[in-house]
Every structure is written in structure tokens, then in C-alpha cells.
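Report on the structure
Residues per chain, in single letters:
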Amino acid sequence: MQKIIAAPNRKLKLIPLVASTYFMVAGGPYGLEEIIQTSGYGLGLLIVLLVPIIWSLPTALMVGELSAAIPCDGGFYIWVQRALGRFWGFQESWLSLMSSAFDLAAYPTLFVLSLGQIWPPATQGYNGVIIATGMLVACMLWNLFGAKAVGDGSVLLGILLLSPFVAITAVALFRHSAFAVHTAPVSPVKGGFLSAMIVAMWNYMGWDNASTVAGEVENPQKTYPRVMMITLVAIVVSYMIPIAAVWYTHLAPTSWSTGSWSSIASLVVGPWLGIALVIGSMVSTFGIVNSLTMSY
């Protein structure tokens, strides 16, 4: 078992670890749009509610229990190594590292595409490569200050990320029937339920990433189980409430599509909030990369 060497005042506490885990798993309600587009509001919200109970809760409980029992840096690598030996521990670590190379590659691209919506030159020429590289370097430098710095920063990033969704929720609740003209019945897309389930599962995975910094967590025996439950509830609430609020306006499910949160915000509230949602998506991708870099 590896020794815990982080000084007490440099360790991750409850809320910073919750914020970091939130970014590792969710990164905000972005990515849920296809669920509503293909399944409608009622079924879509049911999927968003039930999938974490069946799919995420068992994993979150496992991560909470094992991280509390074996509070070592390395997390799932240490679990597999102790259970199955060094060979399979190596395979677990290597495969996770390889999958992260492909997973993380998507986020700088999304960051640049989001920036391009409010500053078109971002996607022209080599600008995108330079911006994406700058984002990765910023995350690397941030991580050099340690896990506590990443966790504390994740709290701030989380507030910035969710603020536009609080605004769209608050305004939508006062705009009942604002889009009643669009309420013609919409038949679910063929294969929409399966597609929605896959999208929901993707938006509820990544819990084991939080385990790899257990050696830098304050009182991990108590902190990890609490973090898993608080984060799960926070993700479900942050997913369901904005969608339910937009449903209250009677905006048709056909208005939803991949990356449409900004256009929906512009319709429900105004162009200024649409821009805020675009900035929020940039905060989301940056926070995801920053937290996952800490994990990997």
C-alpha cells in the first residue's frame, strides 16, 4: 500500500472533491439534448432519473467503499493489482491510459468549436490548434499546483458552469405556455429509446476516476462515501431541473439537438443567455480536462 504523503492542509476536502468528481462524470447538462430530441420530455426525464439508479449507483457505492478501504493514490489500479496481481493491475492502468488519450482528445476540440460560436476566427487556420494546445498547457500547469488546487478551482468552475442553467430555469418557470404554438404531438424517433439510454449512460459514467487521488483526500474513509452520494444527487438534479423547466414553456422536443442549449436559452430568455451557455460549455470542457488530468 502506498503511503499518504500529502500534507493535511494540502489535501482535498469534501466539497472540492465533489466538484472534481462532478466534472469527471458529468460536466453539466451538456450532452443530454439528444435524449429529449429522440424520446420527448416525459420519457427523457424518466431515463435521466432511472439510469443513474441502475447504472451509476452501484459503481458509485463500489468506488466509495473501496476508496475508503484502500485510500491510496492509484485507486482502481491498486484494487485490481491487489485482487488479481501485478500483470492485471498493469493491464488495467495501461488500458485506462489509452482510453483517456482518445477521450481527452475530444474536449479541446469542443472547446474550440464553442469559442468559434462567439469568436469565428477561433476555428480558422491554425488558431484552433493553438487554442487547444493552450488549453491543455493551462490544465497541466494548474495540476502542477496539486490536487487541492484542482479541487478548489473545480468549485469555482462549477459555479460558473451552472449559473446560466440557474438563469434559464428561473426564467422558464415564468414563461409557461410561451411556446404553445410548437406543441403539436411529436412521435418518438425510431430507435430513440435505445439511443437515449446510451447517451444517458455515457453522461453518468466515470466514477472510478475519482479514486486515483485517494492518497490526497482528507479523511478518505468518511469523505469518499459522502462524495459519491452527494455528487450523484447533484448530477441528477442539475440534469433534470433545467430540462423540466424548459418543458414547462412547452417548447417542442424537435427544438432540441446536439449542442442546442445555447439556442434554447436564446429562445426562452434571450441572446445574452445563449452566449452565456456557450461560455458555459467552454467552462465545462476545461473543467473536465482539468479534473481528468488530475485523475490520470
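Structural notes, computed from the coordinates. (Residues numbered from 1 in each chain as written. Predicted model: local features only at pLDDT ≥ 70, side-chain atom pairs only at ≥ 80, totals over all residues. Heavy atoms only, no water.)

What about a nonpolar patch on the surface?
A cluster of nonpolar side chains, Leu43, Leu46, Leu49, Leu50, Ile53, Ile54, Trp55, Phe193, Trp202 and Met205, forms an exposed patch at the surface whose accessible area comes to about 970 Å². At the level of elements, helix H2 (33-69) and helix H7 (192-202) are the ones that each hand at least two residues to the nonpolar patch. Here the nonpolar patch gets seven residues from one element, more than from any other, and that element is H2. Mapped onto the secondary structure, Leu43 falls in helix H2. (Patch = residues over 30% accessible without salt bridge, like charges linked within 9 Å, V, L, I, M, F, W, Y side chains within 5 Å. Areas by Shrake-Rupley, 256 points an atom, 1.4 Å probe, with all protein chains shown as cover. Salt bridge = Lys/Arg side-chain N within 4 Å of Asp/Glu carboxyl O. Helix = DSSP H or I, 4+ residues; strand = E, 2+ residues; numbered from the N terminus.)

Topic: the environment of Glu216
For Glu216, the position within the fold is in the loop between H7 and helix H8 (220-248). Linking Glu216 and Arg10, residues 206 residues apart in sequence, is a C-alpha distance of 7.7 Å.

Overview of the packing of aromatic side chains
As enumerated under the stated definition, the model contains ten aromatic pairs in all. Judged by centre distance (6.5 Å) and plane angle (5°), the rings of Phe90 and Trp94 are stacked. Placement of the pair is Phe90 and Trp94 together in helix H4 (residues 86-118), with a separation of four residues, close to one helical turn. Relative to Trp261, the ring of Phe165 lies with its centre 5.0 Å away and its plane at 90°, an arrangement referred to as edge-to-face. With Phe165 in helix H6 (residues 147-172) and Trp261 in helix H9 (residues 261-268), this pair connects stretches of sequence that are 96 residues apart. Members of the aromatic cluster, joined through ring pairs, are Tyr30, Tyr41, Phe165, Trp247, Trp256 and Trp261. (Phe/Tyr/Trp six-rings, centres within 6.5 Å; stacked < 30°, edge-to-face > 60°.)

Digging into the packing of H2 against H8
Closest axis-to-axis distance for the H2/H8 pair is 9 Å, and the angle between their directions is 175°. Considering the angle they form, H2 stands roughly antiparallel to H8. For the contact of H2 with H8, a count of residues per class yields 24 nonpolar, five polar and no charged. (Axes fitted to C-alpha atoms, helices over the stretch in contact; angles between N-to-C directions. Parallel < 35°, antiparallel > 145°, perpendicular 65-115°, else oblique. Nonpolar A, V, L, I, M, F, W, Y, C, P; charged D, E, K, R; others polar.)

Considerations on unusual backbone geometry
Residues other than glycine seldom take positive phi values, yet Asn219 does so here, at roughly 50°. Here Asn219 is to be found in the loop between H7 and H8. On the basis of relative accessibility, which here comes to 39%, the residue Asn219 falls in the partly exposed class. (Buried < 20%, exposed > 50% of the residue type's maximum accessible area, 1.4 Å probe, protein only.)

A short note on the packing of helix H1 (residues 14-25) against H6
At a minimum axis separation of 7 Å, H1 and H6 run at an interaxial angle of 60°. One finds that H1 runs oblique with respect to H6. The hand of the H1/H6 crossing is left-handed. For the pair H1 and H6, the contacting residues are Ile15, Pro16, Ala19, Ser20, Tyr22 and Phe23 in the first and Val150, Gly151, Asp152, Ser154, Val155, Leu157, Gly158, Leu161 and Leu162 in the second. The class makeup of the residues in the contact of H1 with H6 is ten nonpolar, four polar and one charged. (Left-handed = near helix turned anticlockwise from the far one by under 90°. Contact = heavy atoms within 4.5 Å.)

Concerning the pattern of salt bridges
Applying the stated criterion across every chain yields a total of two salt bridges. Close ionic contact of Lys148 with Asp152 constitutes a salt bridge, the shortest N to O distance being 2.8 Å. Here the residue Lys148 and the residue Asp152 both occupy positions in helix H6, the gap between them amounting to four residues, near one helical turn. According to the relative accessible area criterion, Asp152 is partly exposed, its value standing at 35%.

Re the side chain of Ser39
Among the structural elements, Ser39 can be located in helix H2. Ignoring sequence-local partners within four residues, the contact set of Ser39 consists of Gly44, Ile47, Gly192, Phe193 and Ala196.

Here's the deal with the environment of Ala69
By the secondary structure assignment, Ala69 is in helix H2. Accessibility expressed as a relative area gives 54% for Ala69, which makes it exposed. Sequence separation between Ala69 and Pro220 is 151 residues; the distance between their C-alpha atoms is 8.5 Å.

Some points on helix H5 (residues 127-144)
With 18 residues, H5 extends 26 Å between its outermost C-alpha atoms, agreeing within 8% with the 26 Å of an ideal straight helix rising 1.5 Å per residue. Residues of H5 that are buried: Gly128, Ala132, Met135, Cys139 and Asn143. Down the axis, H5 shows its buried residues gathered within 70° of arc, on one side only. Opposite the packed face of H5, turned more than 90 degrees from it, sit the exposed residues Val129, Ile130 and Leu144. Those residues of H5 that are buried are in contact with H4, H6 and helix H10 (271-295). Looking one or two residues past H5, Gly146 carries a phi angle of roughly 105°, positive in sign. (Expected span 1.5 Å × (residues − 1). Arc of directions from axis to C-beta.)

Read these as layout, nothing more, since geometry by itself doesn't imply function.
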